[in-house]
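Residue strings, one per chain:
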Amino acid sequence: MGFLPFVFPLAELEVGQHLYWQIGNFRIHGQVFMTSWLLIGALLALVVIGTKKMERDPKGVQNLLEFLWDYIRDLARTQIGEKVYRDWMPFIGTLFLFIFVSNWGGALVPWKLIELPSGELGAPTADINTTVALALLVSLSYFYAGLSNKGLRYFEYYVHPTPIMLPFKIVEDFTKPLSLSFRLFGNILADELVVAVLVFLVPLVLPVPVMFLGLFTSAIQALIFATLAAYYIGEAVEEHH
Amino acid sequence: MPTLFLFGASEGGLFDFDATLPLMAVQVVLLTFILNALFFKPVGRVVEEREDYVNTSRAEAKKKIAEVERLETELKDQLKEARLEAQKVILEAEQDSENLYKEALALATSEANASREKARSEIDSQRDDALNQLKTEADNLGDLIIERLLAKK
C-alpha cells in the first residue's frame, strides 16, 4: 500500500496472509487462535463473574447472562422443539456466543495496533477454517441428533414425503455446511474489507456508519448461524407421521 | 492490492485450509463443554428455580384470592341476613309500640269518658237535689207567706 504518501496506519489491508505456527507436520493460522483465545477468555471471564454469586433477584452481570440464557433457550426451543431442545441448547448457545464474540471482537477491538510478522489479527470468523469447522460440527451434530433420537428411521427423512426427494436431500447434506460456512465467512470478511477499504480511502467520518452496519451484520450473522444450526437439528429429530 | 487475489496460491490465500480447521473444531467442542458447566447449567438452574418459585407463589396467591372471595361472599350473605333480621326487629318494635300507644290511648279515652260520665251524673244528681231543695224551700216559703197572710187577717 505504499503508493500513497500518507498511508493511515490502521488501514493496511493484508487479505489472505497468515501467521503460521508449525506444530509437528501441521501448520495452523496463529492469528486466528490468538484472537479466538483472547475472545474466549473474555467470554469465560464474563461468565465466571456473572455466575459467581447468583441470587434469586438477579443483579448486574447475572442479569445479562440470564437474558442471554433465556434468548438461547427460546431460540433452541422454537427451532428444535420442546422434547430434545435441552440436550442441544449448550451447543446452539456456544455457537451463538462464540460467533457473536468473534464477530464483535473482530469489529470492536483495534487489533491493527498489534504488529504481527505476517498476517493481521481480526475476527476468527473471517477465516474460512473457523467457519468450516463450525459448519461441519453442525453437520455432525444433526446427524448425531437424528440417529440417536430415531435410530435408522432417521433415513426416512430422505424419502419424505416422496422418494423423489432423495437426491435433493442428499445434496442438501452438502449444501448445508457449505452455505453455513460461506455465509458467515463472506459476511465477516466482506465487512472487514469494506471498513478497511473505506478507512484507507477516507480515513474520517465516512467509515463510521459502515462500522455500525458491520456490528449489526455481525450480530445478525451469529443469530442466523445459531438459528439455522438449531433448525437443522430440529429437522433431524422431527417425527414424521 | 496484489494480496487480495491470492485465492489459489500455495502459500496463504483466502481459502487456505490446514490444521486450523480440526483444531478450531476441537476448541469449539471444548468450549461447549466448558460453557455447559460454567454457564448453561448454573444459570439454567437459577432461572428454572425462579420460574418454579414464581409459579408456586402465583398458584398460592390464586388460592388465597379464591379463599378471600369465598369468605367475602359468605360475609356478605351473613350481613344481608343480619340486616333483614334487624329490619324485622325494628318493624316488630314499631308495631309493638304502636299497639301499646293505641291501648294506652283507648284506656285513657275510656277512663276520661267514664270520669266525665260520672261527673255529669253527679252534677245532675246535685242539680236535682238542689232543685228539690229549692222546691221544698219555695214550698215552705209559700206556706209561710200564706200562714202569715192568714194570721194577719
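Check the entry above for the structure.
Quick notes on the rules
Residues numbered from 1 in each chain as written. Chains lettered and ligands numbered in written order. Predicted model: local features only at pLDDT ≥ 70, side-chain atom pairs only at ≥ 80, totals over all residues. Heavy atoms only, no water. Helix = DSSP H or I, 4+ residues; strand = E, 2+ residues; numbered from the N terminus. Rg over C-alpha atoms; globule rule 2.2 N^0.38 Å. Buried < 20%, exposed > 50% of the residue type's maximum accessible area, 1.4 Å probe, protein only. Lys, Arg positive; Asp, Glu negative; His and termini not counted. Charge placed at Lys NZ, Arg CZ, Asp CG, Glu CD. Contact = heavy atoms within 4.5 Å. Buried area = accessible area lost by both parts, 1.4 Å probe. Salt bridge = Lys/Arg side-chain N within 4 Å of Asp/Glu carboxyl O. Polar contact = N/O pair within 3.5 Å; in protein donor to acceptor, adjacent residues only side chain to side chain. Nonpolar A, V, L, I, M, F, W, Y, C, P; charged D, E, K, R; others polar. Core = buried A, V, L, I, M, F, W, Y, C linked by side-chain atoms within 4.5 Å. Axes fitted to C-alpha atoms, helices over the stretch in contact; angles between N-to-C directions. Left-handed = near helix turned anticlockwise from the far one by under 90°. Pairing = 2+ DSSP bridges. Phe/Tyr/Trp six-rings, centres within 6.5 Å; stacked < 30°, edge-to-face > 60°. Lys NZ or Arg CZ within 6 Å of the ring centre and 35° of its normal. Expected span 1.5 Å × (residues − 1). Parallel < 35°, antiparallel > 145°, perpendicular 65-115°, else oblique.

Observations regarding the overall build of chain B
Alright, step 1. Scanning chain B for helices and strands turns up one helix and zero strands.
Alright, step 2. For chain B, whose C-alpha radius of gyration is 62 Å, the value lies well above the compact-globule estimate of 15 Å for 153 residues.
Alright, step 3. For chain B, the spread of C-alpha atoms along the three principal axes comes to 200 × 35 × 15 Å.
Alright, step 4. Here chain B holds 153 residues, and the buried ones make up 16% of them.
Alright, step 5. Here chain B carries 21 positive and 30 negative side-chain charges, and the mean point of each set is 7 Å from the other.

Side note on the interface of chain A and chain B
Alright, step 1. On the chain B side, the residues contacting the 52 residues of chain A number 38 residues.
Alright, step 2. Both sides of the chain A and chain B interface together cover about 4,200 Å² of buried area, and 73% of this is carbon and sulfur.
Alright, step 3. When the area that chain A buries against chain B is broken down by residue, the three leading residues are Arg56, Trp69 and Asn129 of chain A, summing to 15%.
Alright, step 4. Between Arg86 of chain A and Glu48 of chain B there is a salt bridge, with its nearest N and O atoms 2.9 Å apart.
Alright, step 5. The interface formed by chain A and chain B contains 15 residue pairs in polar contact (both at pLDDT 80 or more).
Alright, step 6. Looking at the side of chain A that touches chain B, the elements that each hand over two or more residues are strand S2 (26-29), helix H1 (30-51), helix H2 (61-80), helix H3 (85-108), helix H4 (128-150) and helix H5 (166-201) of chain A.
Alright, step 7. When residues in the side of chain A that touches chain B are grouped by element, the largest group, ten residues, is from H1 of chain A.
Alright, step 8. Partitioning the side of chain A that touches chain B into residue classes produces 35 nonpolar, eleven polar and six charged.

A few points about the nonpolar core
Alright, step 1. With 73 residues, the main nonpolar core has Ile80, Ile92, Leu97 and Val138 of chain A together with Leu35 and Phe39 of chain B as its most contacted residues.
Alright, step 2. At eleven residues, H3 of chain A tops the list of elements feeding residues into this core.
Alright, step 3. Residues within four places of Val138 of chain A in sequence aside, it is in contact with Phe91, Leu95, Leu180, Phe225, Ala229 and Tyr232 of chain A.

Some words on the packing of H1 of chain A against H3 of chain A
All names here are of chain A.
Alright, step 1. Running from amino to carboxyl end, H1 crosses H3 at an angle of 115°, the nearest separation of the two axes being 10 Å. Where H1 crosses over H3, the two elements pack in a sense that is right-handed. Every residue of H3 that contacts H1 at Ser36, Leu39, Ile40 and Leu43 is listed here: Leu97, Phe98, Val101, Ser102 and Gly105.

Regarding the pairing of strand S1 (residues 20-23) of chain A
When a strand is regular, its side chains alternate between the sheet's two faces.
All names here are of chain A.
Alright, step 1. Strand direction decides the pairing type here: S1 and S2, joined by four bridges, are antiparallel. For Ile23, the partnering residue across the bridge sits in S2 and is Phe26.
Alright, step 2. What sits between S1 and S2 in their antiparallel hairpin is a turn of two residues, with Gly24 showing a positive phi close to 60°.

Some details on the packing of aromatic side chains
Alright, step 1. Counted by the stated rule, this structure contains 21 aromatic pairs over all chains.
Alright, step 2. Here the aromatic cluster, defined as three or more aromatic residues joined through ring pairs, consists of Tyr142, Phe143, Tyr154, Phe155, Tyr157, Tyr158, Tyr231 and Tyr232 of chain A.
Alright, step 3. The lysine or arginine in question, Arg56 of chain A, covers the ring of Tyr53 of chain B, its NZ or CZ lying 3.5 Å from the ring centre.

Let's talk about the environment of Leu131 of chain B
Residues and elements named next belong to chain B.
Alright, step 1. Note that Leu131 resides in helix H1 (residues 20-152).
Alright, step 2. Taking relative accessible area as the criterion, Leu131 reaches 48% and is therefore assigned partly exposed.
Alright, step 3. Placed 88 residues apart in sequence, Leu131 and Val43 show a C-alpha to C-alpha distance of 128 Å.

Concerning H4 of chain A
Residue pairs spaced three or four apart in an α-helix point in one direction, given the helix's 3.6 residues per turn.
Alright, step 1. In this model, H4 of chain A (23 residues) spans 33 Å end to end at C-alpha, consistent with the 33 Å of a helix rising 1.5 Å per residue.
Alright, step 2. The N-terminus of H4 of chain A is capped by Asp127 of chain A, whose side-chain oxygen sits 2.8 Å from the backbone nitrogen of Asn129 of chain A.

Observations concerning the environment of Asn103 of chain A
All names here are of chain A.
Alright, step 1. You can see Asn103 is positioned in helix H3.
Alright, step 2. Asn103 sits in the buried class, given a relative accessible area of 2%.
Alright, step 3. As a C-alpha pair, Asn103 and Phe67 span 36 residues in sequence and 20 Å in three-dimensional space.

A few points about the pattern of salt bridges
Alright, step 1. One pass over the structure, following the stated rule, counts 15 salt bridges over all chains.
Alright, step 2. Here Glu117 of chain B and Arg120 of chain B are joined by a salt bridge, their closest N and O atoms 3.4 Å apart. Linking Glu117 of chain B with Arg120 of chain B, this pair stays in helix H1, spanning three residues, or about one helical turn.
Alright, step 3. With relative accessibility at 42%, the residue Glu117 of chain B sits in the partly exposed group.
Alright, step 4. Salt bridges linked by common partners bring Lys53, Glu55 and Lys59 of chain A together as one network.

Observations concerning the packing of H2 of chain A against H1 of chain B
Alright, step 1. Remark: H2 of chain A packs on H1 of chain B, axes separated minimally by 10 Å, with the N-to-C direction vectors making an angle of 90°. In terms of their interaxial angle, H2 of chain A and H1 of chain B are classed as roughly perpendicular. Between H2 of chain A, through Gln62, Leu65, Glu66, Leu68, Trp69, Ile72 and Arg73 of chain A, and H1 of chain B, the contact on the second element is made entirely by Phe39, Phe40, Val43, Gly44, Val46, Val47, Glu48, Arg50 and Glu51 of chain B.
Alright, step 2. Residues of the contact of H2 of chain A with H1 of chain B, tallied by class, amount to nine nonpolar, two polar and five charged.

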